Structures are given as structure tokens and as C-alpha cells.
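# Coordinate analysis (summary)
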Amino acid sequence: MGARRHRVVLFHPRVSRPEFHRLPWPILQLGGNLDPTKYEVVLVDGGKAPDPIRALNDAAEGAAVVGISCFTGNQTVNAIKAARALRRRHPLVPLVWGGAHPSMYVEETLADANVDVVIKGQGEWAFAQVCDALVRGSEPAGIPGVSYKTGRGEPVYGARAKMRDQNAFGRPPFEQLDPSQYLVHILVGGKALTYHSSTGCPFACQFCTVNFEFEFGWTGYSAERCVDELSYLLKRAPEADSIEFADSNLIVHPKRTTELCQGMIEAGIAKPWIAFGRPDQLAKMPREVWKLMAESGCKRFFVGLESGDPTVLEKIKKEHSNEQVYVMAERMAEFGITPDLSFTLGYPEDPERDVRMSLELCKDLKRIVPSAVFVLNTYTPYASTPLYEEAIANGLGGTSSLSDWESEQWRDFGFRKNVTPWMTEDIDRMIRDFEIVAGTAFFLEEDLHRHRGVAQKGRPLRDAMIRLARRRWRDGRERRPFDVKAVRRLFFFMNPRMKDTGPSLVDGHQAGVAKEAPAL
């Protein structure tokens, strides 16, 4: 009889309504790097479990370690609730936290009574080392990126960790989950499979948390491994009609991108796909690569433009020019690829100028690529970024404990809420008015993809609503669109099943994201 395996439970808290919940990649990747001869890995996906806390508590019976991964916002709130319940029922089980939020707020997270260990950044190798230490009854001392509490409750903070090649990590335990239950609606397909091929980002954008979470490191699966895993997942979910690459930046290495596209075509798994990319890289990309991406199924790219103000771009080290943005847009128009253009608006120095110039850029790009979509976010300062201290100096309040994130103010942090004191109500209204007009003026069938087959009442009313908005768009009168809002309100009142679409062109639904009600 072999040695007893130690049970390790990996928990992914609920982040959105079940129909929007993707494959829980953080815990899949962690589980794949634990030695199966030593550990029994149990995945608990709070996004699909009817009662996540009960499922976690039941799975943790007899467990040696519980790992929790979360990012900032409602997923952190759900993680806190689950950890408290777990601590009450299983007070001796070590709780190891990782993911975006604990990586940004290491000290704050570790100080919580329901946290024993925090892993900053890449977790596959570090978590395996932590598990080895804990099952030996030792403290996880000296492991880069790992902070923990001693037996006396004193914090010990780990040294900086270097990124490791994720190709060296084990294959995720896909067999524990049914990928067909994780297909989500996005604008390139009604049943998209989400795949995560890389980790981190090597660029220096000063507002972004990803590069600071991973210390500017990046690592990605080889194109061959991506094609192999995609083929396996698609075979188990044959109804999948599209692919959503969830990488922070799919095109960090153009050679890998080329090999991935070629591999998808040769393996017969080329389907409509969407990914994230940078405007400067896309602008520099040769036409033959654009052609290959289109042939492999690329339909959309989610691109972080962030601002139309060159002063802001320089400040945040975005490293692209508006001229490159126009080149990128022309290539997308040429190859039939739709850009989802994301902005983070409202930096302290002159937020009104930032917003005005960004909205002007939106209108210019809409002329070049009529299908272009705008995602207009309010700048959100996070503690791990270089701009955070400037935000504090300009009046932004901060958190002091993990439980602070349960308050209404911080729970929605990053969900396009205006939480910065320098963003006046008038500037914020300028953004939202623009969204309403744009989202109504281009209220096309594509935007209603999720509602195809749903009978629409009041089609003449809808057509009148679109005409009103397009006239305002043409005349540059996006401010105070009371007439458009009134007709919209009536149309959605008549069509309650379509109410989640909202100003669908600009509010993130094109990526299948929708805010849930308070969870768990």
C-alpha cells in the first residue's frame, strides 16, 4: 500500500453570475503542479457550486491545506466570507491566499485572522513548496514570494520571486471539471471556451497591477502546448463555437502568436476568437501576421488605449502614440477584425482634458473601424502601482484591513465606479452620456447577440431611439441626451428580458462581463 496522500483543496470564489463564470484557471494551474503521488487535489469552484461555502467546508474535511485565489472586488468579499466559515469549522487547516488581490495587498491580507500564508505573483511553484513545508509541520520559510505568520502570529515577508517558465509546470487537472459547463456568451460566439495561455506582463504601464504583481515578468505556454490543451478541451466541449484568450497580452512574442495561429489551423480547431493586445505591438505587426490571425479565426482584439491625451500616455508609460493607434485601426478594418477599445479615464492633473481628448479619439476611430467598441473605465488607483501615492496625495482614501473590502465603497472598486475625489460628477456624466449615445446609436444586431431569437416589442420605438442617438452623434451633441434616455427606458421597460444589454456597445458585455448581485 502506498503512502497516504495529503488532501489539498483549491477554492475559486464566485466572481459573477454562474452563466458568466469561466473556467477557474488560477486553481487549475495550481493543481496541475502538485505531485499526484503526494497530494490529492480537490477543486472547489464557487462560481458553479450552488452553495460555495458548504461545498468548501465539506471538501476541507481532513484537508492538509486550503488554497484561495481571488482578485479585487466582489471575489475578495466572497473569499473573506468563505475563509471565515472555513476557519470556524476547520480551525487548524492552514489557509493560503494568492491571486491578484493578495499580491497587491500582501501586508493587509496577511494581517487578517483568516489568512496564514500569502503568495505574491506566480503561484504554481511557490504553492507546491508551501504545501511541502506545511505537511512536514514546518513554516514556509525562505520561499521567494511567500509571506506567512509564525506560530506566534508574527508576520514574515518573503523575498522577491522570479518568474519561472510555466511550460515546466504540470498539466492542469482538467478532468475534474466539465468544460462544457463553462462556455460563455461573447460577441464572437454564443458558447465560448476561455483559455489562459500565459501569465504576467513585461511592460511598464504605471496604472496596471499585472506587471507589478509579477514583477514585470512574463511566461507563456508554448504554441504546441496551447494547441494540445485547446484540442483536448474542445473535444470535451464539442458545442463550443469560439475561443476567448484570457491572457493579459496574447501577443507579447509575435513568433509564439504566429505559431499558435498556424497550429490552430493545422489541428482543425480554428474558431472565432478574441484576445487582449497592445496598440503599439499591433501597429508594428506585419500584414502577413494579421492575415494569419484572421485565417485562424481572430474576430476581435481587446486593446488598452487608456487615453487620447499624449500627456497622460507619457505619464502612465503606455509607450504608444495616437498615430500607432490609427495604424492599428486601419489594419483591423483591412482584415475584418473588430477592436474593443478600453480607456482608463480621469487622472488627477486634468481629468476633464483627459476625458474630452479620449472621447474625441473614440469618434475618430469609429470612422476608421465602424464596428469599433469603446469600454470607458474610470481610472482606479491600486496600492501596488507607482501612481497610488499620488492618488492618496490627491485625496483618495485607502483601506487598512482585508475586511474593509466588504464595505459598499470598496466592494465595487474597479467596477467602473467613480471613487476618485478629483473626478467631478460633471466629468463622470460626460463619460456616461457618451456611452448612452454611442451604445444607442450603434445598437446593432451584433450587440443583441445574446438575445437572438427573443421577440422584440416596439421595434419602431427602437428605430426611433437609434435615429435620435445617431443624430446626436453626427452633430457632436453627446451631452445631456435626455431624449435618448427616455426612449431607451421605455424600450427596455417593454423588453425586460433584454435589460442586461444596457448600453451594450460600451459597458463590458461584449466580453461577457456582468456584475452580480451580492454573492454567496
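Refer to the structure presented above.
Here goes a summary of the coordinates provided. (Residues numbered from 1 in each chain as written. Predicted model: local features only at pLDDT ≥ 70, side-chain atom pairs only at ≥ 80, totals over all residues. Heavy atoms only, no water.)

## Considerations on the layout of surface pockets
Our working rule: Space inside and on the surface of the protein is sampled on a 1 Å grid over the protein atoms alone, with a cavity defined as a set of points where a 1.4 Å probe fits but cannot get out and a pocket as an open set with protein on both sides within 12 Å along at least 5 of 7 lines; lining residues have an atom within 4 Å of a point. Grid points are joined across faces, edges and corners, and a volume is the space filled by probe spheres set on the points. Secondary structure elements are defined from DSSP: runs of H or I of at least 4 residues count as helices, runs of E of at least 2 residues count as strands, and each element is numbered from the N terminus.
If you add up the space inside the second largest pocket, you get close to 220 Å³. The wall of the second largest pocket is formed by 15 residues, among which Val106, Glu107, Lys120, Ser147 and Tyr157 lie closest to the centre. Secondary-structure elements contributing two or more residues to the lining of the second largest pocket are helix H4 (100–104), helix H5 (106–110) and strand E6 (146–149). A total of three residues in the lining of the second largest pocket trace back to one element, the largest contributor, which is H5.

## Here we look at helix H11 (residues 287–296)
Selection rule: Buried, partly exposed and exposed residues are distinguished by accessible area as a fraction of the type maximum, computed with a 1.4 Å probe on protein chains only: under 20%, between the cut-offs, and over 50%, respectively. Note that the arc is computed from the directions linking the helix axis to the C-beta atoms. Throughout, a contact is declared for two residues whenever any of their heavy atoms are within 4.5 Å.
Within the sequence span of H11, burial applies to Val289, Trp290, Leu292, Met293 and Ser296. Down the axis of H11, the sector holding all buried residues measures 165°, keeping them to one side. The inward-facing, buried residues of H11 abut helix H9 (254–267), strand E13 (273–277), helix H10 (279–284), strand E14 (298–306) and helix H13 (322–335). Backbone geometry just downstream of H11 places Gly297 in the positive-phi region, at approximately 120°.

## Structural notes on the sheet that holds E6
Operational definition: One requirement defines pairing of two strands: DSSP has to find at least two bridges between them. The axes are straight lines fitted to the C-alpha atoms, using for helices just the contacting stretch, and the angles between their N-to-C directions are given from 0 to 180°.
Read from one edge of the open sheet, seven strands run E2-E1-E3-E4-E5-E6-E7, paired in mixed fashion. Each edge of the open sheet carries a strand with a single partner, namely strand E2 (39–45) and strand E7 (155–156). Each of strand E1 (6–12), E2 and strand E3 (65–69) is contacted by helix H2 (residues 52–59), which is oriented at about 165° to E1, the strand it contacts most.

## A look at the side chain of Glu478
Note the cut-off: For the purposes of these results, a polar contact is taken to be a pair of N or O atoms within 3.5 Å, where, inside protein, one atom must be able to donate a hydrogen and its partner to accept one; residues adjacent in sequence count only when each atom of the pair is a side-chain atom.
Here Glu478 is to be found in the loop between helix H18 (459–475) and helix H19 (482–494). Residue Glu478 is classed as buried on the basis of its relative accessible area of 12%. A distance of 2.6 Å separates a polar atom in the side chain of Glu478 from a polar atom in the side chain of Lys363. When sequence neighbours within four positions are dropped, the list of residues in contact with Glu478 reads Lys363, Asp433, Phe434, Val437, Arg472 and Trp473.

## Regarding unusual backbone geometry
Positive phi outside glycine occurs at Glu215, with the angle close to 55°. Positionally, Glu215 belongs in the loop between helix H7 (210–213) and strand E11 (218–220). Even without glycine at this site, Phe216 takes up a positive phi of about 65°. Tracing the backbone through its elements, the reader meets Phe216 in the loop between H7 and E11. Of the residues examined, Phe216 reaches a relative accessible area of 33% and is grouped as partly exposed.

## As for the packing of H11 against H13
Formally: By the definition adopted for this analysis, an angle is roughly parallel if under 35 degrees, roughly antiparallel if over 145, roughly perpendicular if from 65 to 115, and oblique otherwise. Handedness of a crossing follows from how the near helix is turned relative to the far one, being left-handed for an anticlockwise turn of less than a right angle and right-handed for a clockwise one. Under the scheme applied here, ten amino acids are nonpolar (Ala, Val, Leu, Ile, Met, Phe, Trp, Tyr, Cys and Pro), four are charged (Asp, Glu, Lys and Arg), and all others, including Gly, are polar.
Running from N to C, H11 and H13 point in directions that differ by 45°, and their axes come no closer than 10 Å. Judged on the interaxial angle alone, H13 and H11 are oblique. As H11 runs across H13, the sense of the crossing is right-handed. In contact with Arg287, Trp290, Lys291 and Ala294 of H11, H13 contributes Met328, Arg331, Met332, Glu334 and Phe335. Split by residue class, the contact of H11 with H13 holds five nonpolar, no polar and four charged.

## Examining the nonpolar core
Just so we agree on the cut-off: What makes a nonpolar core is a set of buried Ala, Val, Leu, Ile, Met, Phe, Trp, Tyr and Cys residues whose side-chain atoms join them at distances within 4.5 Å.
The biggest cluster of nonpolar side chains holds 101 residues, and the ones touching the most others in it are Phe127, Phe245, Trp273 and Phe301. At eight residues, helix H17 (residues 425–441) tops the list of elements feeding residues into this core. Ranked by size, the runner-up nonpolar core spans 24 residues in total, among them Val44, Ala60, Leu86 and Trp97.

## Things to note about the side chain of Asp45
To keep it simple, the criterion reads: Under the counting rule used here, the positive set is Lys and Arg, the negative set is Asp and Glu, and His together with the chain ends is not counted. Every case where a carboxyl oxygen of Asp or Glu lies within 4 Å of a side-chain nitrogen of Lys or Arg is listed as a salt bridge.
Here Asp45 shows up in strand E2. No salt bridge is formed by the buried Asp45; its nearest oppositely charged neighbour, Lys48, is found at 6.7 Å. A polar side-chain atom of Asp45 sits 2.6 Å from a polar atom in the side chain of Tyr182. Setting aside anything within four residues of it in sequence, one finds Asp45 in contact with His12, His21, Pro24 and Tyr182.

## Structural notes on the pairing of strand E4 (residues 95–98)
For clarity, the cut-off: Here, the term right-handed applies to a crossover whose path from the first strand over the helix to the second runs clockwise when the strands point away from the viewer.
A two-sided burial pattern is seen for E4, the buried positions comprising Leu95 and Trp97 on one face and Val96 and Gly98 on the other. Across four bridges, the pairing between E3 and E4 is parallel. Bridge pairing in E4 places Gly67 opposite Val96. In this fold, E3 hands off to helix H3 (residues 74–89), which returns the chain to E4; that crossover is right-handed. In the sheet, E4 pairs with strand E5 (residues 117–119) via two bridges, with the strands oriented parallel.

## Focus on the packing of aromatic side chains
Heads up, the rule is: Ring geometry is summarised as follows: Phe, Tyr and Trp rings, the Trp one being its six-membered ring, pair when their centres sit within 6.5 Å, and such pairs are stacked at plane angles under 30 degrees, edge-to-face over 60 and tilted between the two. Should the NZ of a Lys or the CZ of an Arg lie within 6 Å of a ring centre and within 35 degrees of the ring normal, that charge is described as sitting over the ring.
Applying the stated criterion across every chain, the model contains 16 aromatic pairs. Between Trp273 and Phe301, the ring centres sit 5.9 Å apart and the planes meet at 75°, which makes this aromatic pair edge-to-face. Within this pair, whereas Trp273 is found in strand E13, its partner Phe301 is found in strand E14, the two being separated by 28 residues in sequence. Note on Phe491 and Phe492: the rings are 5.6 Å apart at their centroids and 70° apart in plane angle, and the pair reads as edge-to-face. In terms of burial, Phe491 and Phe492 fall into one category: buried. For the cation-ring pair, Arg164 lies above Trp125, with the distance from its terminal atom to the ring centre recorded as 3.7 Å.

## With respect to the packing of H17 against H19
The N-to-C vectors of H17 and H19 enclose an angle of 60°; their axes lie 10 Å apart at closest approach. In terms of their interaxial angle, H17 and H19 are classed as oblique. Considering the relative orientation of H17 and H19, their crossing is left-handed. Along its contact with H17, which presents Asp433, Ile436, Gly439 and Thr440, the element H19 presents Val484, Lys485 and Arg488. When the residues that make up the contact of H17 with H19 are grouped by side-chain class, the tally is two nonpolar, two polar and three charged.

## Description of the pattern of salt bridges
Following the criterion strictly, the structure yields 37 salt bridges and no others. Glu406 is paired through a salt bridge with Arg84; the nearest N and O atoms lie 2.7 Å apart. Residue Glu406 is located in the loop between helix H15 (388–393) and helix H16 (408–411), and its partner Arg84 is located in helix H3; the two are separated by 322 residues in the primary sequence. One network of salt bridges, in which partners are shared, links Glu425, Asp426, Arg429, Asp433, Arg479, Arg480 and Lys485.

## Overview of the pairing of strand E16 (residues 373–378)
Within E16, six of the six residues are buried, leaving the element largely enclosed by the surrounding structure. Note that strand E15 (residues 338–345) and E16 share six bridges and pair parallel. Across the sheet, the residue bridging to Leu345 is Thr378, located in E16.

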